[in-house]
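Chain residues, written in single-letter form:
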Amino acid sequence: MFKIVKKRDLADVSKLMEVEAPLVARKAQPGQFIILRIHENGERIPLTIADSDKEKGTITIIFQEVGKTTKELGALEEGDSLRDFVGPLGQAMELPTSGRVIAVGGGVGIAPIYPKVKAFHQAGMEVISIIGARTADLLILEDEMRAVSKELHICTDDGTKGHHGFVSDILQGMLDDKSQKIDEIIAVGPLPMMRVVANQTKPYGIKTVVSLNPIMVDGTGMCGCCRVSVGGETKFTCVDGPVFDAHQVDFEELTRRGQMYLPEEKEALDKYKEECGCGGGNSEIG
Ligand code: FES
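Let me sum up the structure you'll find in this document. (Residues numbered from 1 in each chain as written. Predicted model: local features only at pLDDT ≥ 70, side-chain atom pairs only at ≥ 80, totals over all residues. Heavy atoms only, no water.)

**Section: the side chain of K7**
Note the threshold: Per the convention used, a helix needs a DSSP run of H or I reaching at least four residues, while a strand needs a run of E reaching at least two, with both numbered from the N terminus. Using a 1.4 Å probe on the protein chains alone, a residue whose accessible area is under 20% of its type maximum counts as buried, one over 50% counts as exposed, and one in between counts as partly exposed. In protein, a polar contact means a hydrogen-donor-capable atom and an acceptor-capable atom, both N or O and within 3.5 Å, with residues adjacent in sequence counting only if both atoms are side-chain atoms; elsewhere, any N or O pair within 3.5 Å suffices. Residues count as neighbours in contact if any of their non-hydrogen atoms are within 4.5 Å of one another.
Position of K7 among the secondary structure elements: in strand β1 (residues 2-11). Since its relative accessible area comes to 18%, K7 is described here as buried. For K7, the side chain forms a polar contact with the side chain of E77, separated by 3.4 Å. Those residues in contact with K7 that lie beyond four places of it in its chain are K15, L16, M17, G74, A75, L76, E77 and E78.

Right, here's the structure in full:
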């Protein structure tokens, strides 16, 4: 059993939890994720390792309550325990040691981009971050992102904070500014956002990576559920990723596959709401 030692509300529907998992904490690296199960009959959900503390033996996870399992998880309190907590899974991200990186995080994608930005910062890179959400109440980790970024730009779709518009608007300004060299761009967020960023940066020939969040089951490369076409080859996000070259990812196929179980997810959520009077989607990593 894995004990929840800390719980914090981040925004409207986003929560942070610190979970006691010393063996996972000992090996965790930026870019990796865990798969958890709340109880014996629970769904397995992948979540990015947002932070880890080897000394305390804890892993921090951040999730948005968007479906049955994430709502169930959000209802747990400090002192409660999780049945399974497997990891670290996936490949650690490659960390360049110098240069200028632009990090683009959208919605709950800000959670998985944070540990990567922190690692870039600690490695001595200059990081310019752009984070966005539908509305100010949904913005998470603003202070944490500011602490590890040279510049932080905020966008909201409805203009309630920062730039009134999309993260891609700010990014375009940076791409057009020829006085500032950009060595790498990392984007994590909803699929449409990552697709836009990939299309936007391709003509500039700037290395761009995305962290993908397809549906997962086993997380160890056996079920094939998380497959994605990258450069015409089939890859498994759980063992080959989750970080891939954005210019090589087949976003159209990924979008189609991501929508396959929407009716079942909705049915499970409606049933859960009915039973508990309150509201997981499978895939939370990115
Ligand atoms: S989740 Fe099963 S192969 Fe990746």
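Now that the structure is up, let's keep going.
**Section: the pairing of strand β16 (residues 233-236)**
Spelled out, the test is: Any two strands with at least two DSSP bridges between them are considered paired.
Where strand β15 (residues 227-230) meets β16, four bridges bridge the pair, whose relative direction is antiparallel. The residue of β16 that forms the bridge with V228 is K235. Between β15 and β16, which pair antiparallel and follow one another directly, the connecting turn spans two residues, one of which, G231, has a positive phi of 60°.

**Some details on the sheet that holds strand β9 (residues 100-106)**
We count it as follows: To get an axis, a line is fitted to the C-alpha atoms, and for a helix only the part in contact is used. The angle between two axes follows their N-to-C directions and goes from 0 to 180 degrees.
Spatially, β12-β11-β10-β9-β13-β14-β17 is the arrangement adopted by the seven strands of the open sheet, whose pairing is mixed. The two strands at the open ends of the sheet, each matched to only one other strand, are β12 (163-164) and β17 (243-245). As paired elements, strand β14 (residues 208-211) and β17 share three bridges and run antiparallel to each other. Looking across to β17, one finds that V209 is bridged to D245. Helix-sheet contacts for helix α5 (residues 167-176) involve β9, β10 (126-133), β11 (151-156), β12 and β13 (184-188), and the interaxial angle to β10 is about 150°. The sheet strands contacting helix α6 (residues 191-201) are β9, β13 and β14, and the helix crosses β13 at an angle near 160°.

Interpretation in functional terms is not warranted from these geometric data alone.
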